[in-house]
Amino acid sequence: MTRASAGLARRTTCPLDCPDACGVLVDVDEQGGFRALRGDPLHPWSRGVLCGKTALYGELVRAENRLLHPLVRRGGALVRASWDEALDLVAERVAPLSGADVLALSYGGSMGLVQRKFPNRVLNALGATHHDGGICDAAADAGYQSVLGRVLGPDLDEVEGCDLLLLWGCDASRTVQHLQPRVKALQERGVPVFVLDVWRTDTVRDVERRGGRALILRPGTDAALALALARLAFERGAADRAFLARECLGADEFERHARGAHERAWAARVTGLAEAEIEALFQALVAARAPFVKTGVGWTRRRNGGNAMRAVCALLAVLGRADRVHFESYAHFGLAEEVVFRPDLRPPGAPTEPVSQVGLGRELAAGRFRAAFVWCHDPAVTLPDSARFRRAFARDDLFTVVHDHFVTETAALADVVLPATTFVEHADLYRSYGHRCVQRASASARPAGEARSNVDTFAAIARRLGLARETWDVTAEALIDELVAASRARFTPDELARLARGEPVKLTAHARQGWGTPSGRIELASEACQRAGSTRLPAHVAEEHPEERGGFGLVCAPSIHTHNATYSHSARHARKAGRPRAFLHPDDLAALGARAGAPLRLWNARATVTLEAAADEHVPRGLVRVDGLPRAADVPEGHGINALVSGGVSDLGGGNVLYSTRCDVGPA
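Residues numbered from 1 in each chain as written. Predicted model: local features only at pLDDT ≥ 70, side-chain atom pairs only at ≥ 80, totals over all residues. Heavy atoms only, no water.

### Considering the overall build of the protein
In terms of regular secondary structure, the protein is built from 23 helices and 26 strands. For the protein, the C-alpha atoms occupy an extent of roughly 70 × 65 × 60 Å along the three principal directions. Among the 668 residues that make up the protein, the fraction classed as buried is 61%. Considering only contacts within the protein whose residues lie at least 6 apart along the sequence, 77% involve residues at least 24 apart. (Helix = DSSP H or I, 4+ residues; strand = E, 2+ residues; numbered from the N terminus. Buried < 20%, exposed > 50% of the residue type's maximum accessible area, 1.4 Å probe, protein only. Contact = heavy atoms within 4.5 Å.)

### Here's the deal with the nonpolar core
Ile 522 and Leu 524 are the most contacted members of the largest nonpolar core, which totals 60 residues. Judged by nonpolar contacts, the second largest core, of 55 residues, contains Trp 83, Ala 91, Val 102 and Val 122. (Core = buried A, V, L, I, M, F, W, Y, C linked by side-chain atoms within 4.5 Å.)

### Digging into the pattern of salt bridges
Within this structure, the stated rule accounts for 55 salt bridges. Taking the shortest distance from any N to any O, the salt bridge between Glu 85 and Arg 74 comes out at 3.7 Å. Residue Glu 85 is found in helix H2 (residues 83-94), and its partner Arg 74 is found in strand E4 (residues 71-74); the two are separated by eleven residues along the sequence. For Arg 74, a relative accessible area of 43% translates into the label partly exposed. (Salt bridge = Lys/Arg side-chain N within 4 Å of Asp/Glu carboxyl O.)

### Topic: the environment of Arg 62
Along the polypeptide, Arg 62 turns up in the loop between helix H1 (58-61) and E4. With residues near it in sequence (within four places) discarded, Arg 62 still touches Phe 34, Arg 35 and Ala 36.

### Side note on the packing of helix H3 (residues 113-126) against helix H18 (residues 454-464)
Axis separation between H3 and H18 bottoms out at 8 Å; the angle between their running directions is 10°. What the angle tells us is that H3 and H18 run roughly parallel. Facing H3, whose interface residues are Val 114, Gln 115, Arg 116, Phe 118, Pro 119, Val 122 and Leu 123, H18 presents Asn 454, Val 455, Phe 458, Ala 459 and Ala 462. Looking at the contact of H3 with H18 residue by residue, the class counts come to nine nonpolar, two polar and one charged. (Axes fitted to C-alpha atoms, helices over the stretch in contact; angles between N-to-C directions. Parallel < 35°, antiparallel > 145°, perpendicular 65-115°, else oblique. Nonpolar A, V, L, I, M, F, W, Y, C, P; charged D, E, K, R; others polar.)

### Quick word on unusual backbone geometry
One non-glycine residue, Ala 21, lies in the positive phi region at around 35°. With respect to the helices and strands, Ala 21 occurs in the loop between strand E1 (9-13) and strand E2 (23-28). Taking relative accessible area as the criterion, Ala 21 reaches 9% and is therefore assigned buried. Here Asp 385, not a glycine, exhibits a phi torsion of approximately 55°, which is positive. Within the element layout of this structure, Asp 385 appears in the loop between helix H16 (379-382) and helix H17 (386-393). Judged by its relative accessible area of 9%, Asp 385 is buried.

Here is the structure:
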């Protein structure tokens, strides 16, 4: 009898901030102790295969350095305490504060809808200040919504039937790994595949080896390419006039805009592409009857990122293929998530305006807030302007509580650190933002040590603070029931039954009723963008900015071995990743008088970061690439790569401007 047939293999979903949201089977012993995890072969998207990161997640569950007991700061050091001691200290310090002086600080450490979002119910009841979530997909989201409305796009499974795949700023091999076998199958069938990026990524080289085409753009010039392609469509009769008239607002205005400039030769000069490359992409787009355009997120984390996404969406609308752009899929689910975080519990008069997540270092340095709660987040690593954030987070007059699996770089600065369960140890409800599956998961294994889930931890805090019963008389399973019941109309009876059994469920598609923009039509011209201080029409805006000086553009690429800061606490992952390195083209290294393996200094007005120099001919001249998020302990200056990044915001959505960072580079 196998462990699975004995009832000891339990289904769940990988919780990490990744569009693949893979199905996982968790093996436990007869007492509920964690043994191992593996891919779930019944998951429609991941099909039993886990990436090299999640496959080793068990190392984090069993890690010797895992946080198993509460810690409190005494005499300048974090020391072990009981849960009662820690909760009493939290109540003592937070109860006297105004809600507006309390900061709720979470991110995507777990994508489960209940464990991630329930703490906001407690913080709402306190009247605390939330942030706007700007550091991830805010610019892309705002740009997409301004043109196409609801963030829905095509079913990602439909990529298998396309006759052209265009990966626009999507390094699938590092960020959507389960798309890779589908790309390979397309190419084996002879379907053309194009990849657009700013360096020769693993995805670029993989696609090229099988006969695909790569276009390597100058960073920040995506809108110029999209607008030039739109102009060609208008000039050569490839624009879908019937679609434009029926579905689009501002089509004539956009056509005049596209024809008024944006010649192919101009786009070649701006983007660094050859005119023949632009022509080849145009011809492929026009010839395709079922194209699939998969965009990434990182390419929009720029000062002009929102307009870049607008331009790409507008191009596909001109071609009559607006429903073939996949950025994310979260609007597909339509779940009543507000029942989890309950904004209605906010006290009368409590401020509702969020603070800029991108600008938190600046806000805290200015003395704002008196307490902060952190969960599913390591902001000392992941936020821009991170050196300033670290200094400000350590303010003597700021009381900080961190709930996590390890003493992270943020937790090391906190006043109270509480041990968290991993995803195999708690119940949750998961949905992807890539594919269209949702899954309910019960706790698979018993918690390690004294670890508690987000729900249990914040419920205990709420009870100590004397908040409303709805904030503490709860369980994760009951919250999942509440969320499913409130979302009942979104499920068929069969989908509900399968969800209750813990199966991954691909939800039936929504019937489209309008586009979800203010006008209900595709908005090629946007009054909302104009009111927000952007341009009425999608535009290429050069990125010159007084904050950004330096001879090199910074490319912070996704890591092959780690996921954000999650796996930096696994010794094996750290060994696989090796020492943090800065990759430059060999000619740039030679011009700088630097050599591979020697210390290399990256600096700008915000910070200096010293890493090991490495040569990589796949990085264009004038760029310096750093993979993942180097640990502060591995950097002589004691902070990571985000110390170089501005706390400024993108043109739309208040987004991160990571990829607009410039720095100087030289031997250390």
